[in-house]
Amino acid sequence: MTARYAVRITNRRKGGVLRWLARALFLVVVASVVGGAGVAVGAYVHFSEDLPEPPTVEGYAPPTVSRFYADDGRLIGEFTVERREVVPLEQMPRHLIQAFLAAEDKRFFEHQGVDVRATLRALLANYLAKSTVQGASTLTQQLCKTLVGNEKSYRRKAREAILARRTEATLDKLEILYLYLNQIYLGHGAYGVQAAARAYFAKDVWALDLAEASMLAGLPPQPGRLNPVLDPPAAKERQRYVLDRMVEEGFVTRDEADAALNQPLTVQRAKPQVFDEVAPYYAEHVRKHVQSTYGYDALNRDGLRVFTAVDVDLQRAGREALREGLHDLAERQGFTGPVGHVEDEAARADFLKRAAARYAGPPALEPERYYLGLVTAVAKDEATVQVGDVEAFVPLRGGMSWAAPYEAGDDANNRRVSDARKVLKAGDVIVTRLNRSEKLADAERPALQLAQEPAVQGALVSMDPHTGYVKAMLGGYDFDQSEYNRAFQGCRQPGSVFKPLVYSLALDRDYTLATPLDDAPVVVYDQGAQYIWKPKNYGGAYKGTVLLRDALIKSMNIPAVRVIRHVKPDAAADWARTLGVTTPMDAHDSLVLGSSCVPPWDMVKVYGLFALRGQRPRPVFIKRVEDRRGRVLEDRTHFADAWAGTPARLDAMLRALFEPREQVLDEGTAYLMQTALRDVVQAGTAVKAKALDKPAGGKTGTTDAYDAWFVGFTESLVTAVWVGSDLNKRKLGRGETGGKAALPVWLSYMGQALAGRPQGDFTEEPPAGIEFYAVDRATGLLAPPGNAALNLPFKRGTEPTDMAPRAGSFDQRDLDVVEGRF
């Protein structure tokens, strides 16, 4: 009994201990589960704090490229912090999508945002390797990574996973693919597959073949290092990996993969340019306006579409004309020497090798292109020059006879040399271009012409005064060399280009084109009767008495001073501001001769006013601005575009109907100015412009040493050209007037711009109140038969009433002297 009882007691105690242990274990498990759940919930709440909302297709508006377009739709500029172009998933080729899935997330259509199996496998592999050797982020997680940040931490990974699960709950798989493929960074400054296709292969994403698509799909892990521009071998290995994965997943066959891997790829090494090379000054001017109006973020993130008024063909014509004019002037100024010298034979071979790579392409040298050439031999009559793989020669006559050494302080131009050996020697590196001489066209070797980079600068601005569209604008010789926009920022003395502004004030008051002016020496004194200045005519000659019209068309200085003294310098300065000049004006007699600086753009506006019979033009650089969804933010489209096939908007028509241009200058006065400026071209200092063979008007301008101008207009285009020296560092040279240095640029540009476009005579139909009279060339009085006469317009009531004496006869005063009555 006792033993059995003892056993029972012992068993009972054992059972109680076991039950107690079971209960304790149960409580521990429950506590662990509850505690773990609490920790998990707490962690979830903690990591979810301030987490962004899952992305949506409707609200997807990533930073994207703002694009500027010319008037014909050609792209002229792009601005962005992330170069991206969003495209629909339907436009992406199937093999591109398959490549990304095979390389980055083969179980994409199976998981719910986080691939647990892949995550555990990656954790084990990384633990065993004691480093990160494998990743497990799904496409959804990679997409969410761009929203939660790029910091390398477990906190970021947890937040990324939570957001990925939420994203999978709100979007379907195809929507996630659409967002991912447009969002992902792929190196070389490209965000999204479309931008990457353009950046690497210069084609649209829908045109990518398997080789190109697999190359892009290998970029996401390390786009800034393993791309085909920075490390082609590493990028090739990544492409191999992608193609192998595509074979494993059954997306392509082994033969297709091998063919794609062995296919040579042409990769664009240069990043896309912000500006198109044709209109960089124009695009930069528009960029400043857009940024100041809409803000930095709108310009660089919001994908604006900006439609400008620039005409690419006219812009290109302006660039060619300005460059040609500056190079011609540089030749007249003298040779400043080769750009370099290579003495060592090995160094010469290396130079030629690099030049051959740079100029690889068409075997023939292009007519308008400039090349760096290496002089290999020099004789008296020519120099042998190697341009890449091409052996050519520069003849002395017609190729480098202009190249007398430039001497600082000597402003004599057009000196000549008679021996090429005095100009060049073997080893010199020179700037050349194809020789334009027809006599050398059949030479055995290409004939070149010695050239040099101009030491002076220039600017050109051209506007249609009727629509206000600014058709072309060049702010300098080369935007890459200098972004300084001389067309707007350059304040230069305009010389005689300013005279019409003062003359128009006199004509608006009481002067006529036939008013006699005294062309005799004059001295300008200050209020204390101290000598200041003695103006002179160009050439130093004086004519006695001249008509106002003749004084203007011959650009005579002394009569111009008489005119500003008549209207008063203060009034002339105020008048210039009324006409459109924006810079400060010094109210002195010298103002009429262009002593106060102005930008070329101001002169375009003023001469545009003359072209419009006194109405102020409404300049337009930007026709229309749209946001990324096509909503119009700004519209200055001219209603006349409707007749050219461009959709006109109601507000443009209403603006034309109810907001007429401001009439700044009396229409009759403006007509007198048109007539005089036309005569400047017909018989004055701009007679070279007659070669345009279209009705035109304009005015030359020259300062003593540093500026040459021509501003001229036809019925449909007003254009200003300035040629000069920044900061007055280099004189233009003796004889380099506006008619010689600037007018040829204007003529070349206008000839191309107006080719095939008839221009009406803007003086053909005078306004009401204008009457024509034949006036005597010498006196401005009514011309009797037999006298040399001009047929000039007058505003009614201002015409002369007295008759001039017949040529060769006494007038009444002579008769009074003879008869002793004086």
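Residues numbered from 1 in each chain as written. Predicted model: local features only at pLDDT ≥ 70, side-chain atom pairs only at ≥ 80, totals over all residues. Heavy atoms only, no water.

Thoughts on the state of the cysteines
Applying the stated criterion across every chain yields a total of one disulfide. Residue Cys-491 pairs covalently with Cys-597 via a disulfide, S to S 2.0 Å. Judged by the sign of its S-S torsion, about 85°, the bond between Cys-491 and Cys-597 is right-handed. Of the two residues, Cys-491 is situated in the loop between β13 (470-474) and α15 (499-509) and Cys-597 in the loop between α18 (569-579) and α19 (600-611); the sequence distance between them amounts to 106 residues. (Disulfide = S-S within 2.5 Å. Helix = DSSP H or I, 4+ residues; strand = E, 2+ residues; numbered from the N terminus.)

Describing the sheet that holds strand β12 (residues 457-463)
Taking strand neighbours across the sheet as the criterion, the five strands line up as β13-β12-β22-β21-β20 in an open arrangement whose pairing is antiparallel. Looking at strand neighbours, the two that pair on one side only are β13 and β20 (697-702), the edges of this open sheet. Sheet twist, expressed as the mean angle between neighbouring strand axes with direction ignored, is 5°. Pairing of β12 with β13 involves four bridges; the strand directions are antiparallel. (Pairing = 2+ DSSP bridges. Axes fitted to C-alpha atoms, helices over the stretch in contact; angles between N-to-C directions.)

Some remarks on the pattern of salt bridges
Side chains bearing opposite charge may pair, as long as their charged atoms lie close to each other. For the structure shown, the criterion picks out 44 salt bridges. The partner of Arg-631 in a salt bridge is Asp-627, and the shortest N-O contact between them spans 3.1 Å. Residue class for Arg-631 comes out exposed when judged on its relative accessible area of 54%. Asp-627 gets classed as buried once you look at its relative accessible area, which sits at 14%. Between Glu-771 and Arg-796 there is a salt bridge, and its shortest N-O distance comes to 2.8 Å. Here the residue Glu-771 occupies a position in strand β23 (residues 770-776), and Arg-796 occupies one in the loop between β24 (789-795) and α23 (812-818), the gap between them amounting to 25 residues. Judged by relative accessible area, Arg-796 falls into the exposed class, the value being 56%. Salt bridges here are not isolated pairs; linked through shared partners, they connect Arg-549, Asp-550, Arg-678, Asp-679 and Arg-777. (Salt bridge = Lys/Arg side-chain N within 4 Å of Asp/Glu carboxyl O. Buried < 20%, exposed > 50% of the residue type's maximum accessible area, 1.4 Å probe, protein only.)

Some remarks on the confidence of the model for the chain
On average, residues of the chain carry a pLDDT of 87, and 84% of them reach 70 or more. Here residues 34-47 is a poorly scored stretch, pLDDT under 50, and it has 10 contacts once near neighbours within four places are set aside; other chains count. For the stretch residues 810-822, pLDDT sits under 50, and the model shows six contacts to residues farther than four places along the chain or on other chains. (pLDDT = per-residue confidence, 0-100. Contact = heavy atoms within 4.5 Å.)

Focus on the packing of aromatic side chains
Per the stated rule, a full pass over the model turns up 18 aromatic pairs. Pairing Tyr-607 with Phe-610 gives two aromatic rings, centres 5.6 Å apart and planes at 75°, and the pair type is edge-to-face. With a gap of three residues between them, Tyr-607 and Phe-610 both fall in helix α19, about one helical turn apart. Of the two residues, Tyr-607 and Phe-610, both sit in the buried class. Members of the aromatic cluster, joined through ring pairs, are Tyr-282, Phe-488, Trp-601 and Phe-621. (Phe/Tyr/Trp six-rings, centres within 6.5 Å; stacked < 30°, edge-to-face > 60°.)

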